[in-house]
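Here is what each chain is made of, one letter per residue.
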Amino acid sequence: MNVENHLILWNLVSLKILDVQRAELTIGDNLHTNQLTSSTLLYAINGRARLLLDGAGHQLESGYVCHAGKGAVVTICDITDHLEYYMIQYKATLPLPCSQDLLQLLASTETFEIQYGFAASPAAPLLQSLSRMEQEWNQPGAMAKLQVKSLFYQFICELMGQLQHRRMEQASPDTVLEAVRYMNAYYAEPITADTLAALLNCSSRTLQRMFNKRLSLGPIDYLMQIRIDKAKELLSRTNIGLKNIAEAVGYEDSYYFSRLFKRYTGVSPSMYRETMHHLKVDDSENDKLFAPKLEFESGEEKAASDPLEAAIRRSRRTIVHLKGELLLQRQPQKIAVLDPQFMDHMLALGELPAGSVIVNGDHSSVPEYLLDKQRSVKALGTMAEPDLEALRALEPDLIICTEFQQNIYRSLTHIAPTIMLERNRDWRETLRTIGRIMGKKLEAEQVLQQYRHKISGLKSALANKLHGQSVMMIRPRDNIIRLHTSAHRTAAILYSDLGLQPPKLAVDRKRTSSLIALEGLPELDVDHYFVLTDNKYKAWSEELQTTATWKNLRAVQQQHVYHAKSSIWIAYYGPIAMNQVVDQVAEVFLNAK
């Protein structure tokens, strides 16, 4: 938990206190279970009991504080000492309009949804704020409610301060991961949603909600995928009878298993086995041919009369993406993309989408290499607000989006078949996927080969030139500075592909960025800065560079600051843009006078 990121959001949200109550439970009381209707803080004053948050256990004792979000299931049980506690329910929202960065920060930190708990020490400041909150909450008038909000902020300040000085105990173990591990180990056993939930000490409804949020499918759907994959292995590698295979993967009824297998793969179990044996492929090739991947058939392939080849192509049209599976009947001719990076990928393969969004309403943010191409592509709004009416009018064969359009995914599927790809996936893997969609797998590999050839020599040349000097990629935004870490997709080009040396703060496997104030830059003592700017934040970036703090940076004084366009380095994350990033780095360090 990055407390600094949480504090940024606490400082900006509009806050409404919904309820403040003090409750008591006596020894021997039965289970108390309810589903939270809002974000909630619970603080134990006295007593001892067990608290379950979506099945994750906490020991409630004096001074223990818990936080949970809307929809969490809370159970208090095993009361061994008279329990007294406060419960504060609140709602926090970002005022609109606000920057996309803040929305992404809110989504990544889940400040008002995250579950955690720890023993507060010292407890007195928290208890004092809560006691006064309760008194004021029960008083009439707007002034009393304002006092409650003020006291709540004091409570949050103390809470965040304590979290900065201790290792937070995460309230929620990875229940989904535990369920996945269990199903992978015991897929042949009779498993239902209820039995699985009972094993994990949560309700089936909670488990379903957690799976849908994490994997976009339910636990039983996931179990079915495991069983079908296991059945594929047995069919392709053994001569075991169909009835025995069905039983081995958890289905007593072989007829039901056959129908399920065909619905999932597009071919019957017997046809699958016959095809695999006919082709005489080895185990590694089996996965390539029959794993659900993004494949389409051309008109020539569609006309093929060989039933064996047709069966292979039917299986290849089963697509697994972030929202499950999609069966495509033909190669799409009109593709709409709801992330501009896909336009870069398609152009690298010699084509353009029929329609595309842009990053924001400012067309000047479109890279120069796409400006003249943009005129032939139908405008579909912005990445944050796609124009659904324009999308409907386009009548695309296929829509490609990312998890950025999570909230409108269902609406998109009503317009055309929709694939949701991971937005921050390595551009090379995305290019291979786009290449398969466009029927240009060979062209995609050629682009990748050219990129590998380019960076192979650069990496050693840069190492010889810089001798371990540190390089940082920063982006001034919203009166703060974003430092992009080694986990960031573009920073990985610098640190992994080109072998540049990151400063210690930029080494991170999980977070793609961290925020820092201008005053914190001198502590980094970085040798070289790439400063990413765009028109929206140009004024703030220029103002930052007039400050004494900036001018006194060692890198600034040595003229080791290089300006780059965020549209190229961040938004249009595709082969053309990334090649331009590499070219700019080479120009700065190897070709500059």
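Above this note sits the structure.
A brief report on the enclosed structure follows. (Residues numbered from 1 in each chain as written. Predicted model: local features only at pLDDT ≥ 70, side-chain atom pairs only at ≥ 80, totals over all residues. Heavy atoms only, no water.)

## Considerations on the overall build of the chain
Part 1 of the argument: When helices and strands are counted, the chain shows 27 helices and 20 strands.
Part 2 of the argument: For the chain, with 593 residues in total, the buried portion stands at 49%.
Part 3 of the argument: Sequence separation of 24 or more characterises 70% of the internal contacts of the chain that already satisfy a separation of 6 or more. (Helix = DSSP H or I, 4+ residues; strand = E, 2+ residues; numbered from the N terminus. Buried < 20%, exposed > 50% of the residue type's maximum accessible area, 1.4 Å probe, protein only. Contact = heavy atoms within 4.5 Å.)

## So, the pairing of strand β16 (residues 471-477)
Side chains on a regular strand alternate between the two faces of the sheet.
Part 1 of the argument: Judged by how many residues are buried, β16 sits mostly within the fold: 7 of 7 residues are covered.
Part 2 of the argument: Side chains V471, M473, R475 and R477 project from β16 onto one buried face, and the interleaved M472, I474 and P476 project onto a second face that is buried too.
Part 3 of the argument: Both β16 and strand β19 (residues 528-533) contribute to a ladder of 4 bridges, which runs parallel. Each residue of the ladder has a partner; that of M472, found in β19, is Y529.
Part 4 of the argument: Bridge count for β16 against strand β17 (residues 480-484) is 5 bridges, and the pairing is antiparallel. Opposite R477, over in β17, you have I480 as the bridge partner.
Part 5 of the argument: Counting the residues between successive antiparallel strands, the hairpin from β16 to β17 contains 2 residues, one of them, D478, with a positive phi of roughly 50°. (Pairing = 2+ DSSP bridges.)

## Structural notes on the sheet that holds β16
Each strand in a sheet pairs with another by means of backbone hydrogen bonds, the pair being arranged parallel or else antiparallel.
Part 1 of the argument: Ordered by their spatial adjacency, 5 strands build an open sheet running β18-β17-β16-β19-β20, and the pairing between neighbours is mixed. Of all strands in the sheet, those with a lone pairing partner are β18 (513-516) and β20 (561-565), marking the two edges. Pairs of neighbouring strands in the sheet enclose a mean axial angle of 30°, with direction left out of account.
Part 2 of the argument: For β17 and β18, the ladder comprises 4 bridges, and the chain directions are antiparallel. What sits directly across from I481, in β18, is I516. (Axes fitted to C-alpha atoms, helices over the stretch in contact; angles between N-to-C directions.)

## Some points on the packing of aromatic side chains
Part 1 of the argument: Counted according to the given criterion, the structure contains 17 aromatic pairs.
Part 2 of the argument: Taken together, the ring pairs in this structure connect Y251, Y256, F257, F261 and Y272 into an aromatic cluster.
Part 3 of the argument: Over the face of the ring belonging to Y251 we find R227, whose NZ or CZ atom lies 4.9 Å from the ring centre. (Phe/Tyr/Trp six-rings, centres within 6.5 Å; stacked < 30°, edge-to-face > 60°. Lys NZ or Arg CZ within 6 Å of the ring centre and 35° of its normal.)

## Overview of unusual backbone geometry
Part 1 of the argument: Phi is positive for H467, close to 50°, though the residue is something other than glycine.
Part 2 of the argument: Looking at the element boundaries, H467 is found in the loop between α20 (441-466) and β16.
Part 3 of the argument: Located in the positive-phi region is Q559, a residue other than glycine, with phi close to 60°.
Part 4 of the argument: Its location among the elements puts Q559 in the loop between α25 (554-557) and β20.
Part 5 of the argument: The class of Q559 is exposed, set by a relative accessible area of 69%.

## As for the sheet that holds strand β14 (residues 398-402)
Part 1 of the argument: Read from one edge to the other, the open sheet built from 5 strands follows the order β13-β12-β11-β14-β15, with strand pairing classed as parallel. The open sheet terminates on both sides in strands that have one partner only, identified here as β13 (378-382) and β15 (418-421). Between one strand axis and the next, the sheet turns through 20° on average, direction left out of account.
Part 2 of the argument: The strands that helix α15 (residues 340-348) touches are β11 (335-337), β12 (355-358), β14 and β15; relative to β11, the one it contacts most, it runs at about 135°.

## Section: the environment of Q580
Part 1 of the argument: Residue position: Q580 is located in helix α27 (residues 575-591).
Part 2 of the argument: Between the C-alpha atom of Q580 and that of W569, which follows or precedes it by 11 residues, the distance is 8.5 Å.
Part 3 of the argument: Contacts of Q580, omitting those with residues within four sequence positions, involve Y369 and I568.

## Remarks on α15
Part 1 of the argument: The buried count for α15 comes to 8 of 9 residues, which makes it a mostly enclosed element.
Part 2 of the argument: What α15 keeps buried is the set P340, Q341, F342, M343, D344, H345, M346 and L347.
Part 3 of the argument: Following α15 by one or two positions, G350 has its phi on the positive side, about 90°.

## Here's the deal with the pattern of salt bridges
Part 1 of the argument: Enumeration according to the criterion identifies 16 salt bridges in this entry.
Part 2 of the argument: The salt bridge involving K454 is made with D583; its shortest N-O contact spans 2.9 Å. Of this pair, K454 sits in helix α20 while D583 sits in helix α27, and the two are 129 residues apart along the sequence.
Part 3 of the argument: For K454, a relative accessible area of 26% translates into the label partly exposed.
Part 4 of the argument: Taking relative accessible area as the criterion, D583 reaches 39% and is therefore assigned partly exposed.
Part 5 of the argument: When salt bridges that share partners are traced, they join D426, R428 and D497 into one network. (Salt bridge = Lys/Arg side-chain N within 4 Å of Asp/Glu carboxyl O.)

## Notes on the nonpolar core
Generally speaking, nonpolar side chains in soluble globular proteins are found buried as a group.
Part 1 of the argument: The biggest cluster of nonpolar side chains holds 74 residues, and the ones touching the most others in it are Y529 and W569.
Part 2 of the argument: Setting aside residues no more than four positions away along its own chain, W569 makes contact with M473, T490, L494, F530, L532, A564, M578, V581, Q584 and V585.
Part 3 of the argument: V20, Y43, F152 and F155 belong to the second largest nonpolar core, which has 35 residues in total. (Core = buried A, V, L, I, M, F, W, Y, C linked by side-chain atoms within 4.5 Å.)

## Brief notes about the side chain of T418
Part 1 of the argument: Among the secondary structure elements, T418 is positioned in strand β15.
Part 2 of the argument: Reaching out from T418, the side chain makes a polar contact with the backbone oxygen of L412 at a distance of 3.4 Å.
Part 3 of the argument: Among the polar contacts made by the side chain of T418, one reaches the main-chain carbonyl oxygen of A416 at a distance of 2.8 Å. (Polar contact = N/O pair within 3.5 Å; in protein donor to acceptor, adjacent residues only side chain to side chain.)

## Topic: the packing of helix α5 (residues 175-186) against helix α8 (residues 219-237)
Part 1 of the argument: Relative orientation of the contacting elements α5 and α8 amounts to 35°, with a least axis distance of 10 Å. Viewed along their axes, α5 and α8 form a crossing whose handedness is right-handed. Contact residues: α5 offers V180, M183 and N184, while α8 offers P219, Y222, L223 and I226.
Part 2 of the argument: Among the residues forming the contact of α5 with α8, the class breakdown is 6 nonpolar, 1 polar and no charged. (Left-handed = near helix turned anticlockwise from the far one by under 90°. Nonpolar A, V, L, I, M, F, W, Y, C, P; charged D, E, K, R; others polar.)

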